[in-house]
Amino acid sequence: MSNKPHCFTEADLNVLQAQAGVMNGIDILLTHQWPVQVMKFVKKPDNFAEPKGVRLLAHLVNTIKPRYHFASGPHYERLPYRNHKILHEKAQYCTRFISLDCVGNKTKSKWLYAFNIVPMKHISDADLRKQPVETTENPYIEIEKEKQKEEDKKQYFYTAGDKRKMPATRQGPDRKKEACWFCLKSPNVEKHLVISVGASMYLALAKGALQNDHVMIVPTNHIKCQQYLDDNQQQDVQKFKRALQRLYRANKKCTTVFFERSFINFAHAGTLCTHPKILC
């Protein structure tokens, strides 16, 4: 955590994202500051001074997708926005952004907000994903695109005992067309290590195993990390996890430990190929 009062760092937000990743969703998020570009796709009220937004908060909100996001500042209630791309992604619930003024402010601007909310774990998917007529597009789409470009430039390639920065792009006609090591369709994948193949995940032995029972749960497609798995992919992961837990409990009399490693390499004519590996 930041050692300065009322401050946070990118590392702090990464912790929140990791914690939110093991939940089914976030009902309410409270922040002091506004995220940048939250008023995109909506008409700004007359004589309204939008507070300076924070880019890191925009990324956080877009990642954890709270149903309600409350912030501090001049009173403002944004139209709800959707958390998915129509016709491209599975429908998700929308997010409502509400800013409340200081308690007892001189202008008597609204500082209290009363509402009823049923936790999402008690709501059916159909009711949860209903979209109000006035729902807008996600205001943080461009922020995410910029964030991804920045991350692509900061990727590092690790070898045994060596770490060196990879170039953001590879130029020239002699660029190597490497095959992704973890794609099942790749000619370079070592299929003799594959144990089982599911609908969207497969189970394989680790080539550089930490111990004899070390295995990997790997997506069949390029996915950045577990946080970006859809519902069906998450179910596939859980099936493999439960099976491994039963196996080790029955045959090894031991507890199973899972951890994730996201490996990024250049493949397919220089594009980034990403496979998170859930290791056991």
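Analysis parameters
- Residues numbered from 1 in each chain as written.
- Predicted model: local features only at pLDDT ≥ 70, side-chain atom pairs only at ≥ 80, totals over all residues.
- Heavy atoms only, no water.
- Helix = DSSP H or I, 4+ residues; strand = E, 2+ residues; numbered from the N terminus.
- Buried < 20%, exposed > 50% of the residue type's maximum accessible area, 1.4 Å probe, protein only.
- Contact = heavy atoms within 4.5 Å.
- Areas by Shrake-Rupley, 256 points an atom, 1.4 Å probe, with all protein chains shown as cover.
- Core = buried A, V, L, I, M, F, W, Y, C linked by side-chain atoms within 4.5 Å.
- Pairing = 2+ DSSP bridges.
- Polar contact = N/O pair within 3.5 Å; in protein donor to acceptor, adjacent residues only side chain to side chain.
- Phe/Tyr/Trp six-rings, centres within 6.5 Å; stacked < 30°, edge-to-face > 60°.
- pLDDT = per-residue confidence, 0-100.
- Salt bridge = Lys/Arg side-chain N within 4 Å of Asp/Glu carboxyl O.

Caption draft 1: Examining the overall build of the protein chain more closely. A tally of regular secondary structure across the protein chain gives five helices and twelve strands. The proportion of buried residues among the 280 residues of the protein chain is 39%. A sequence separation of at least 24 residues applies to 63% of the contacts in the protein chain between residues at least 6 apart. Of the roughly 17,800 Å² of accessible surface on the protein chain, a fraction of 54% belongs to carbon and sulfur atoms.

Caption draft 2: Quick peek at unusual backbone geometry. The phi dihedral of glutamine 37 falls on the positive side, at around 65°, and the residue is not glycine. Inspection of the secondary structure puts glutamine 37 in the loop between strand E1 (26–30) and helix H2 (55–64). Looking at glutamine 37, the relative accessible area reads 28%, which means it is partly exposed. Phi is positive for lysine 65, which is not a glycine, with a value near 55°. Relative to the helices and strands, lysine 65 is located in the loop between H2 and strand E2 (66–72).

Caption draft 3: Structural context of the nonpolar core. Membership of the largest hydrophobic core comes to 22 residues, with the highest contact counts inside it found for Trp34, Val38, Met39, Ile64, Tyr76, Phe97 and Tyr140. Elements with a contribution of two residues or more to this core: helix H1 (10–21), E1 and H2. It is H2 that contributes the most residues to this core, five residues altogether. Among residues more than four places away in sequence, those in contact with tyrosine 140 are Pro35, Val36, Gln37, Val38, Ala58, Val61, Asn62 and Tyr81.

Caption draft 4: Quick peek at the pairing of strand E5 (residues 94–100). Across the seven residues that make up E5, a large majority, six, are buried. One ladder, built from five bridges, connects E2 with E5; its direction is parallel. Across the sheet, residue serine 72 finds its bridge partner in E5, namely leucine 100. Strand direction decides the pairing type here: strand E3 (residues 76–77) and E5, joined by two bridges, are antiparallel. Across the sheet, residue glutamate 77 finds its bridge partner in E5, namely isoleucine 98. Here strand E4 (residues 81–82) runs beside E5; their pairing, made up of two bridges, is antiparallel. By the bridge assignment, arginine 82 is partnered in E5 with cysteine 94.

Caption draft 5: Geometry of the side chain of histidine 69. Note on placement: histidine 69 falls in strand E2. Here threonine 31 takes part through its side chain, which lies 2.8 Å from a polar atom of the side chain of histidine 69. Look past the residues within four positions of histidine 69 in its chain and what remains in contact with it is Leu29, Thr31, Pro35, Val61, Arg96, Phe97 and Ile98.

Caption draft 6: Layout of the packing of aromatic side chains. Following the criterion strictly, the structure yields ten aromatic pairs and no others. Between the aromatic rings of phenylalanine 70 and phenylalanine 115, the centroid separation amounts to 5.6 Å while the plane-to-plane angle is 40°, which identifies the pairing as tilted. Of the two residues, phenylalanine 70 sits in strand E2 while phenylalanine 115 sits in the loop between E5 and helix H3 (125–128), which places them 45 residues apart along the sequence. A relative accessible area of 10% means that phenylalanine 70 is categorised as buried. For phenylalanine 115, a relative accessible area of 28% translates into the label partly exposed. Ring geometry for tyrosine 113 and phenylalanine 115: centres 5.3 Å apart, planes at 50°, overall tilted. Taking the relative accessible area as the measure of exposure, tyrosine 113 reaches 23% and is therefore partly exposed.

Caption draft 7: How the structure looks around the confidence of the model for the protein chain. Residues at a pLDDT of 70 or more form 80% of the protein chain, whose mean pLDDT is 80. Within the model, pLDDT remains below 50 along residues 155–178, and this stretch shows 28 contacts once partners closer than five positions in the same chain are excluded.

Caption draft 8: Inspection of the pattern of salt bridges at higher detail. In this structure the tally under the stated criterion is ten salt bridges. In this structure, glutamate 142 engages lysine 145 in a salt bridge whose closest nitrogen and oxygen atoms are separated by 3.7 Å. Placement of the pair is glutamate 142 and lysine 145 together in helix H4 (residues 141–153), with a separation of three residues, close to one helical turn. You can call glutamate 142 partly exposed: its relative accessible area is 33%. Linked by salt bridges that have partners in common, Lys90, Arg129 and Asp231 make up one network.

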